[in-house]
Structures are given as structure tokens and as C-alpha cells.
Number of protein chains: 2
Amino acid sequence: MSAAPPSDTFTVRDMGSFHIGGEIVSLAGMPQRHRISTPGGPVRPIEQNGEMAVGQMYVQYVRLAAPRSPVPVLMWHGGGMTGANWEGTPDGRPGWQTIFLRAGLDVFVSDAVERGRAGFAPSPEIYPEAPFFRTAEEAWTEVFRFGPHGSYHKDPALRRAYPGCRFPLKDFDAFMKSCVPRWSCNDERTQTAYDALVARMDHCVLLMHSQGGSFGFHAALHAPEKVKAVMALEPSGAPDPTVEDAGRLAGVPHLFIWGDHLGGSEFWVQYRPNVERWADALAKAGVPVEWIDLPARGITGNSHALMMDDNSDEIARMALDWLSGHGL
Amino acid sequence: MSAAPPSDTFTVRDMGSFHIGGEIVSLAGMPQRHRISTPGGPVRPIEQNGEMAVGQMYVQYVRLAAPRSPVPVLMWHGGGMTGANWEGTPDGRPGWQTIFLRAGLDVFVSDAVERGRAGFAPSPEIYPEAPFFRTAEEAWTEVFRFGPHGSYHKDPALRRAYPGCRFPLKDFDAFMKSCVPRWSCNDERTQTAYDALVARMDHCVLLMHSQGGSFGFHAALHAPEKVKAVMALEPSGAPDPTVEDAGRLAGVPHLFIWGDHLGGSEFWVQYRPNVERWADALAKAGVPVEWIDLPARGITGNSHALMMDDNSDEIARMALDWLSGHGL
């Protein structure tokens with residue numbers, strides 16, 4: 001069974017968005033402040049004490065008039081990113097949201113707790129720490145692996161990338177503009193919100209990138225009857241098989257896809273073994289596992305941004321064909 | 001000339017998103033910190049010094065296979081909000097994004113600088129102040145006018161709304177979850193990014209809500225050859241006619257729509273006169289101005305959230321018919 005050929009246009013039944021998870025909390029003891037709400041307006045006092053929403057997640061959906069499958073794909077972004085990463089590439093090519101819609105699948109793109117349209121909560125009152133901001137150097141070398149250590153430079157002409165790097169490097173600044181601040185204190189809130197999203201669905205396929213991986217693997221463990229398949233692009237974490245029972249996922253196929261140059265990044269050297277251990281446990285438990293190491297298949301030069309690299313459509317096609325092979 | 005009747009489905013040529021405006025800045029002197037990037041991963045040092053992107057805006061577009069007009073509508077949200085406000089209502093009805101797409105118009109929804117998927121910058125290094133958070137009380141009374149002063153209560157059963165309030169109050173918590181933090185120091189960055197968006201378009205119609213109003217009026221002044229029409233839902237500010245020449249907008253029709261109970265909110269009592277003054281200046285300069293005061297037309301009970309109230313589709317139809325009347 002092969003995936004349906006993509007068509008350029010697609011017909012939408014409805015699209016929209018909602019927030020899920022979170023709670024209303026009361027704040028007291030916040031200082032009285034003032035602001036001008038709109039240019040030319042008067043200075044007004046602002047009361048920061050009272051009730052506000054925290055811990056929610058944002059979800060945007062596009063449902064097709066005639067999907068090929070009744071099971072939608074939930075796309076979960078990585079750390080310091082938002083769902084915008086699924087909507088397009090820095091150089092303006094179609095994102096995986098569009099590619100999957102064109103292939104006939106309903107798509108739900110989310111912004112995790114604290115990211116993008118999910119909003120964030122006061123610090124230190126709710127989040128005990130300050131946010132982290134992504135530097136261009138960290139993105140270029142450690143996390144996204146466009147080039148080796150020391151290869152980033154302020155001057156684009158002096159930046160060095162891995163030979164054959166498939167990321168659209170001329171639009172690196174556009175990529176940096178899509179990064180958003182993050183905290184490291186919200187894993188539990190985030191998992192809770194993702195679990196609430198899965199609980200709301202009849203069925204779903206999970207597609208995660210990077211930091212989204214661990215949340216997706218756990219969400220599948222928490223609702224194996226809802227999750228029909230799990231696809232992870234370079235997940236940065238995974239459940240501990242000495243704690244979690246991989247056998248609960250016996251009917252839930254898992255796909256892993258990896259790019260190039262992981263050995264040159266201390267981050268990935270440290271993080272990938274946890275994922276390998278989970279994939280091994282899944283396989284031993286009888287879960288259908290496909291582990292795609294792109295360089296081992298002769299596809300070299302992919303960065304951590306697999307859905308933005310110059311062969312992002314080819315990788316999407318691998319994922320779509322794998323889904324088709326599992327009847328999805 | 002009447003707007004085309006809406007159909008339930010619509011066929012999309014392409015959709016995607018991009019960031020526009022902003023710059024890459026260098027930060028130094030930030031403290032060394034540590035974090036765990038993903039559950040189960042090791043503690044890693046995080047370098048917060050270096051280059052990062054600030055001042056950009058997020059724009060998401062949906063382009064139809066066969067739009068009724070070549071001129072897309074740019075939807076600009078209000079203060080403490082994101083573009084999600086155009087995607088749906090708190091009780092799950094179609095948002096204006098969908099209504100306008102069904103009516104045959106291409107739609108570009110943005111998150112302004114510092115909001116949602118635009119991301120935000122370090123404070124106090126880039127933004128000199130801390131963010132503001134919206135309280136439920138402020139939303140219920142002063143800004144969105146669901147009820148009079150003192151009518152908000154933690155217990156939903158004890159909240160009092162204006163009689164006939166058209167906002168879907170049973171989903172007030174869902175609405176609160178769509179609010180995001182804001183700053184009051186970024187008007188110039190925001191205007192610059194909006195102007196860059198308009199400059200990128202061939203032509204466009206601007207649709208603004210609340211705080212978005214002032215940015216839209218100024219964007220039209222800055223590029224009257226690009227902007228074919230301006231539609232403002234309860235704008236909270238406007239240019240000063242003693243500073244700006246309304247005559248520059250002679251060929252650019254303006255629509256203003258206002259809900260109910262403005263007199264009960266000190267915020268609106270203070271802010272609306274600036275807008276009236278600008279509308280008067282536009283009219284005197286020969287700009288086609290339509291000023292729709294819904295209660296004066298017998299439509300009572302609308303809140304500040306005109307695109308979410310229970311007659312949001314009727315108000316959208318007014319806007320679409322007005323656009324049709326101007327050949328758009």
C-alpha cells in the first residue's frame with residue numbers, strides 16, 4: 001500500500017484553534033504598575049493581582065473535506081520552538097503541515113505550554129526561574145548541527161557549515177526569528193496538557209520533533225488505545241525502560257528518523273543513547289519499530305531540522321509511506 | 001454588489017507562515033546558567049551570551065485556489081492577544097479567518113512583536129520592563145465589557161454580566177487561556193514590523209481589533225498605495241489629526257464597528273474619543289468612512305470581543321458586504 005499522490009490544492013472542511021489543559025490561578029502581592037495601552041492613550045493603572053490562566057496549550061487544526069484517513073496527525077514541536085516549524089521552511093518551501101494535508105491527512109499543530117500562542121505565566125510567582133533564550137551559536141552548532149564547534153560567526157560570510165549541509169543556510173536569520181524563549185521548569189505541565197489533547201481525540205498519530213519526542217512517547221504510554229502510531233524526528237529524550245513498560249505499546253508502531261553529524265555534538269552524544277534504549281525496549285516488547293538513520297541509507301547532510309532541510313519533502317514522503325504501510 | 005455566499009468548504013492553494021521585521025542583536029554579560037533540556041537528560045550549561053533575534057513578527061497565510069479578490073485581508077489582533085483570536089471563538093464556532101476564507105478572500109493572520117509565535121526578547125537587556133499579565137477581572141469588566149465594574153467573581157455562578165451580553169460566557173475560562181502576556185515598551189518595534197509586512201504585500205486590506213487599530217491606521221498612512229481598505233473593530237487608538245495628514249488616505253475607505261456598553265468602562269470612555277477625532281478627520285478629508293455603532297442599529301449586547309460574540313458571523317457579514325461595496 002502506497003501513500004496517495006499529493007495534489008497541489010486541498011479542500012478544507014474546517015479550520016480553527018483552541019487551548020487545552022491549564023487552570024485558573026489567583027495571584028496576590030504583585031506590585032501596582034502603570035502603562036499606556038495604545039499610542040496616544042492616557043497612562044492607566046494596571047492591577048496585576050487576581051485570577052489568570054496558566055498551564056494551557058494551544059492547538060490549531062485543519063480538517064479536510066475528504067481525508068484519506070479518519071486519524072489526524074498531531075504535530076508537536078521541539079525545544080525553544082513553536083508549531084510554526086511545521087508550517088513552512090525558512091526559505092519559503094511548504095512545511096510538513098501542508099505536505100501532510102496535501103497527502104490527505106487532517107493535521108493538528110500545537111504550541112506547547114509556555115511557547116508561542118500558549119502564553120506563559122508570571123515569574124517567579126508561577127514559573128520559579130527566568131526564561132532561556134536561544135543564541136545563534138547554540139543553534140548553529142550544538143542543537144541543529146549546521147556546522148561543527150567554532151564554525152558559527154557573526155558575519156555570514158565567515159560561517160562554516162558541514163560540507164553538504166542540507167539546511168537552507170542563507171535563511172539562517174529567518175530560522176532564528178522562529179525561535180522562542182523557553183523555561184526548564186514546565187515538563188510536568190507540558191506533559192499534562194499533551195495528555196489532555198490526546199484524551200480529547202478519538203484517535204491520533206503523533207509526530208514529534210526533538211524535545212517533543214519525550215512528551216509524545218509518554219503520551220502514547222498514557223493512552224495506547226488512542227495513539228495509532230508514533231513518528232519521532234530526532235527525539236531528544238525517551239521513557240526509561242526500567243520505569244515504563246514498553247509492552248503497553250504493543251499495537252502502536254514507532255518510527256524514528258535521524259540526520260547526520262550527531263557525533264559532532266556533545267548534546268546529541270549525551271541524549272541519543274536514551275532514545276536508543278527505548279527503541280530497543282519497544283522492539284523487544286514486540287512493537288513494530290522502524291529506525292531510519294539517513295546517512296546509513298546514503299542520505300547525508302541532514303541537520304536536526306529535518307522538516308526544514310532541502311530534502312524535507314523527501315523525508316516527509318518516507319513518513320507518509322510508513323504511515324500508509326500501517327494502514328494510516 | 002453583494003458578497004458571494006459562503007460555502008462550507010474552501011480549496012487552498014497554499015498555506016504557511018513566516019517571520020518579518022526584527023534584527024539580530026548581540027548580548028553580553030548574561031549569567032551562565034544550567035538546565036535539563038528533556039526529561040531524563042543530563043544537566044547542561046547554557047550560554048546566554050551571543051546573538052539572538054528580536055523585534056520580529058509572525059505571519060501565517062492561507063491562500064485560496066480561486067479567491068474572489070486578488071487582495072488579501074491582513075488580520076491584526078488586540079492587546080494581550082494573538083492571531084488565535086481570528087481562528088475561532090471560545091465556544092468553538094468558526095473564527096473570522098474561516099468566515100473570510102469561505103467568503104473567498106485570502107487571509108494573513110499575524111502575531112505582533114512580543115506576542116505568541118513572534119517570540120519575545122530578554123528583559124531588562126532588550127525590553128526594559130517586565131511583562132504584564134491579564135487578569136480575569138480586567139478582561140471581564142474594563143477591557144472586554146462582559147459586565148459592569150464589580151461584576152466579576154471567582155465563582156462562575158456569582159459573576160454578573162450585562163443583560164443580553166453576547167459573549168459566550170460559559171467559555172470565559174477558554175477565552176482567558178487565549179490571552180498572552182504583553183509589554184508596553186514595544187510600540188515602535190511593532191509598528192516597524194507591521195509596516196514591513198504591508199511593504200511585502202502587493203496590496204492588502206487591513207482588519208484590526210482593539211490595540212491593533214492604531215498600528216493599522218498608521219500602517220495605512222505609511223503605505224496608502226498598498227492598503228485598499230481599513231476595517232477596525234473597536235480600535236483603542238488612532239493617529240492624531242494635528243500630526244498626521246488624513247488626506248493621504250483619500251482613496252482608502254475606512255470601516256469602524258463598535259459594540260455596546262462603552263460608557264460603563266473608564267478605559268473606553270478615555271480611549272474612544274481619539275478614534276472619533278481621527279474618523280472625523282478622515283471624513284473631512286474625503287475618505288469614505290463608515291461608522292457602525294451596533295446599538296444605534298438595534299443590535300445590542302455586543303462586547304469588545306466582536307469576533308467572538310454570538311453574532312460574530314453577522315458582524316463578519318457586515319464587514320464582508322462593506323468590502324464588496326468597495327469592490328474588494
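Preceding block: the structure.
All of the points below concern the structure found in this document.

Procedures and definitions
- Residues numbered from 1 in each chain as written.
- Chains lettered and ligands numbered in written order.
- Predicted model: local features only at pLDDT ≥ 70, side-chain atom pairs only at ≥ 80, totals over all residues.
- Helix = DSSP H or I, 4+ residues; strand = E, 2+ residues; numbered from the N terminus.
- Rg over C-alpha atoms; globule rule 2.2 N^0.38 Å.
- Buried ≥ 20, exposed ≤ 12 C-beta atoms within 10 Å, placed from the backbone.
- Contact = placed C-beta atoms within 7 Å.
- Expected span 1.5 Å × (residues − 1).
- Nonpolar A, V, L, I, M, F, W, Y, C, P; charged D, E, K, R; others polar.
- Pairing = 2+ DSSP bridges.
- Axes fitted to C-alpha atoms, helices over the stretch in contact; angles between N-to-C directions.
- Parallel < 35°, antiparallel > 145°, perpendicular 65-115°, else oblique.
- Left-handed = near helix turned anticlockwise from the far one by under 90°.
- Least-squares fit on C-alpha atoms with pLDDT ≥ 70 in both.
- Core = buried A, V, L, I, M, F, W, Y, C linked by C-beta atoms within 7 Å.

When its secondary structure is counted, chain A shows seven helices and ten strands. The C-alpha radius of gyration computed for chain A amounts to 21 Å, which stays within 12% of the reference 20 Å derived for 328 residues, consistent with globular compactness. Over its C-alpha atoms, taken along the principal directions, chain A stretches across nearly 65 × 50 × 45 Å. Classification of the 328 residues of chain A by burial places 53% in the buried group.

This next bit is on helix H2 (residues 136-143) of chain A. With respect to burial, H2(A) is a largely interior element, six of its eight residues being buried. What H2(A) keeps buried is the set Ala136(A), Glu138(A), Ala139(A), Trp140(A), Thr141(A) and Val143(A). Against helix H3 (172-177) and helix H6 (266-284) of chain A together with strand E1 (10-27) and strand E4 (50-64) of chain B lie the buried residues of H2(A). Looking one or two residues beyond H2(A), the residue adopting positive phi is Arg145(A), at roughly 55°.

Before going further, it helps to spend a moment on helix H7 (residues 312-325) of chain A. All names here are of chain A. In this model H7 runs 20 Å from its N-terminal to its C-terminal C-alpha over 14 residues, within 8% of the 20 Å that 1.5 Å per residue would give. Considered for burial, the residues of H7 that qualify are Ser312, Ile315, Ala316, Met318, Ala319, Leu320 and Leu323. For H7, the elements touching its buried residues are helix H1 (96-102), strand E7 (204-209), strand E8 (227-233), strand E9 (254-258) and strand E10 (289-293). Positive phi shows up at Gly327, right after H7, with a value of about 75°.

A word on the environment of Gln97(B). Residues and elements named next belong to chain B. Structurally, the position occupied by Gln97 is in helix H1 (residues 96-102). Judged by C-beta crowding, with 26 C-beta atoms within 10 Å, Gln97 ranks as buried. In the structure, Gln97 is positioned 44 residues away from Ala53 in sequence and 28 Å away in space, judged by C-alpha atoms. Leave out the neighbours within four places in its chain, and Gln97 touches Met75, Trp86, Glu87, Val107 and Val109.

Contact residues are listed per partner, giving 74 residues for chain A and 74 residues for chain B. Within the residue set of the side of chain A that touches chain B, elements represented by two or more residues are strand E1 (10-27), strand E2 (33-36), strand E3 (43-46), strand E4 (50-64), H2, H3 and H6 of chain A. Here the element with the most residues in the side of chain A that touches chain B is E1(A); it accounts for twelve residues. Its residues assigned to classes, the side of chain A that touches chain B shows 27 nonpolar, 30 polar and 17 charged. When E1(A) meets E1(B), the two strands line up antiparallel, connected through three bridges. Looking at E1(B), one finds that Phe10(A) is bridged to Val12(B).

Let's shift gears to the packing of helix H4 (residues 187-200) of chain A against helix H5 (residues 212-222) of chain A. Residue and element names in this part refer to chain A. Direction vectors running N to C along H4 and H5 enclose 50°, while the axes themselves pass 9 Å from each other. Viewed along their axes, H4 and H5 adopt a mutual orientation that is oblique. The handedness of the crossing between H4 and H5 is right-handed. Here H4 contributes Thr190, Gln191, Tyr194, Asp195 and Val198 to the contact with H5, which in turn contributes Phe215, His218, Ala219 and His222. Here the residues of the contact of H4 with H5 are counted per class, giving four nonpolar, four polar and one charged.

Another aspect to go through is the relation of the copies chain A and chain B. The second copy of the chain is related to the first by a rotation about an axis and a shift along the axis. In screw terms, the move from chain A to chain B is a rotation of 180° and a rise of 0.0 Å along the axis, fitting with an RMSD of 0.0 Å. Both copies are brought into coincidence by an operation consistent with a two-fold rotation axis.

Moving on: the pairing of E1(A). Relative to E4(A), E1(A) is paired through 14 bridges, and the arrangement is antiparallel. Paired with Phe18(A) across the bridge in E4(A) is Val59(A).

Once that is clear, we can look at the nonpolar core. Counting 193 residues, the largest nonpolar core has Leu206(A) and Leu206(B) as the members making the most contacts within it. Ignoring any residue separated from it by four or fewer positions in sequence, one finds Leu206(A) in contact with Leu74(A), Trp76(A), Gly216(A), Ala219(A), Ala220(A), Val227(A), Val230(A) and Met231(A).

Residue and element names in this part refer to chain B. By secondary structure assignment, the location of Phe132 is in the loop between strand E6 (107-111) and helix H2 (136-143). What makes Phe132 partly exposed here is the crowd of 19 C-beta atoms within 10 Å. For Phe132 and Val180, which are 48 residues apart along the polypeptide, the C-alpha to C-alpha distance reads 8.9 Å.

By the secondary structure assignment, Ile46(B) is in strand E3 (residues 43-46). Note on Ile46(B): 18 C-beta atoms within 10 Å, which makes it partly exposed. Residues Ile46(B) and Gly325(B), 279 residues apart in the sequence, show an inter-C-alpha distance of 56 Å. Apart from residues lying up to four places away in sequence, Ile46(B) is in contact with Phe132(A), Arg33(B), His34(B) and Arg35(B).

All names here are of chain A. Burial analysis of E9 places five of its five residues in the buried class, the great majority of the element. When E8 meets E9, the two strands line up parallel, connected through four bridges. Paired with Leu233 across the bridge in E9 is Ile257. With five bridges joining them, E9 and E10 adopt parallel strand pairing. Bridging across to E10, Ile257 finds its partner in Ile292.

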